Amino acid sequence: RNYIKGERLAAEVGRLFIEEGKYGCEYIRQKMYQRGLPIPEVVREYDELPAAFRLVERYFPEGEVEGPKLFRFLTNRGYRASTVREVANTLGLWE
C-alpha cells in the first residue's frame, strides 16, 4: 500500500516550511509537535539566519527598523533569540 511513513512525511513537511522561508526553527518545531510528527534532521540542521535577513528586508523599508519591533517580529515567527541578536547587530541596532 502507499502509506506515507511518519519520518518521510516529517521530512517533507519540514522541507516545505524551510522552503517557504517565513519561519524560524522554533515555529517549525512547534508545528511539527502539534501534528505529532518527529523533528527531522533537515529542521535540526536548518540555518535560519539567511531567512531572517530576507524577512527583514521584505517587511522593513531601509532605515525604519527599530530594535524592539524587530525582536517581536522575528520571535513571533519562531526565530531564536541568538538569530535575532545577530540580525540586530548586523543592522547596527544593538551593539
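Before reading further, recall that the structure is shown in the block above.
Parameters at a glance
Residues numbered from 1 in each chain as written. Predicted model: local features only at pLDDT ≥ 70, side-chain atom pairs only at ≥ 80, totals over all residues. Heavy atoms only, no water. Salt bridge = Lys/Arg side-chain N within 4 Å of Asp/Glu carboxyl O. Helix = DSSP H or I, 4+ residues; strand = E, 2+ residues; numbered from the N terminus. Buried < 20%, exposed > 50% of the residue type's maximum accessible area, 1.4 Å probe, protein only.

Side note on the pattern of salt bridges
A side chain with one charge may pair with a side chain of the opposite charge, provided their charged atoms come close.
Here comes step 1: This structure, assessed with the given rule, holds five salt bridges.
Here comes step 2: When the shortest N-O distance is used, the salt bridge between E19 and R15 registers 2.4 Å. Of this pair, E19 and R15 both sit in helix α1 (residues 6-20), four residues apart, which is roughly one turn of that helix.
Here comes step 3: Taking relative accessible area as the criterion, E19 reaches 53% and is therefore assigned exposed.
Here comes step 4: Measuring nitrogen to oxygen at the nearest pair gives 3.6 Å for the salt bridge that ties R80 to E26. Pair noted here: R80 is in the loop between α5 (67-75) and α6 (81-90) and E26 is in helix α2 (residues 25-34), with a separation of 54 residues, a long-range link.
Here comes step 5: Overall, the relative accessible area of 29% leaves R80 in the partly exposed class.
Here comes step 6: Here the salt bridges do not stand alone but share partners, grouping E12, R15 and E19 into one network.

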